[in-house]
Amino acid sequence: MSFASFADFLAMGNHGAYVWSAYGICLVVLVLNVILPLQARRRYLQDEARRMRREESR
């Protein structure tokens, strides 16, 4: 597929809004699939460290 100009590439044959929003949503989902588990792991480790400190002080 070739386009006459960059504007035609962005327009994607008048389907640009759908195509680029689909790419954007996909990118957001992929980023969240990386970030959210990392944050959950960090939160879990912090909670466990806090719990262990609390148990040691008893």
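Residues numbered from 1 in each chain as written. Predicted model: local features only at pLDDT ≥ 70, side-chain atom pairs only at ≥ 80, totals over all residues. Heavy atoms only, no water.

Some words on the pattern of salt bridges
This is how it is decided: For salt bridges, the criterion is a side-chain nitrogen of Lys or Arg within 4 Å of an Asp or Glu carboxyl oxygen. Note on conventions: DSSP H or I runs of at least 4 residues are helices, E runs of at least 2 residues are strands, and numbering of each starts at the N terminus. The classification of residues rests on relative accessible area computed with a 1.4 Å probe and restricted to protein chains. Under 20% of the type maximum is buried, over 50% is exposed, and intermediate values are partly exposed.
Within this structure, the stated rule accounts for three salt bridges. A salt bridge links Arg51 to Glu48, with the nearest nitrogen and oxygen atoms 2.7 Å apart. With Arg51 and Glu48 both in helix α2 (residues 16–56) and three residues apart, this pair spans about one turn of that helix. The exposure class assigned to Arg51 is partly exposed, which follows from its relative accessible area of 30%. Ionic pairing is found between Arg51 and Glu55, a salt bridge with its closest N-O pair at 2.7 Å. Taken together, the positions of Arg51 and Glu55, both in helix α2 and four residues apart, correspond to about one turn of that helix. Residues joined in a network through salt bridges with shared partners are Glu48, Arg51 and Glu55.

Comments concerning the environment of Ser21
For the record, the criterion: Whenever two N or O atoms come within 3.5 Å, that pair is a polar contact, provided that in protein one can donate a hydrogen and the other can accept it, and provided that, for residues adjacent in sequence, both atoms are side-chain atoms.
Residue placement: Ser21 occurs in helix α2. It is 48 Å that separates the C-alpha atoms of Ser21 and Arg54, two residues lying 33 residues apart in sequence. Only 2.8 Å separates the side chain of Ser21 from the backbone oxygen of Ala17, close enough to count as a polar contact.

Some thoughts on the UniProt feature "transmembrane region" (unreviewed entry) in the chain
For clarity, the cut-off: UniProt positions are given in the numbering used here, feature names are shortened, and annotations may be inferred rather than shown by experiment.
With numbering matched to this structure, UniProt assigns "transmembrane region" (unreviewed entry) to residues 17–36. In residues 17–36, the share of helix is 100% and the share of strand is 0%. The end C-alpha atoms are 28 Å apart.

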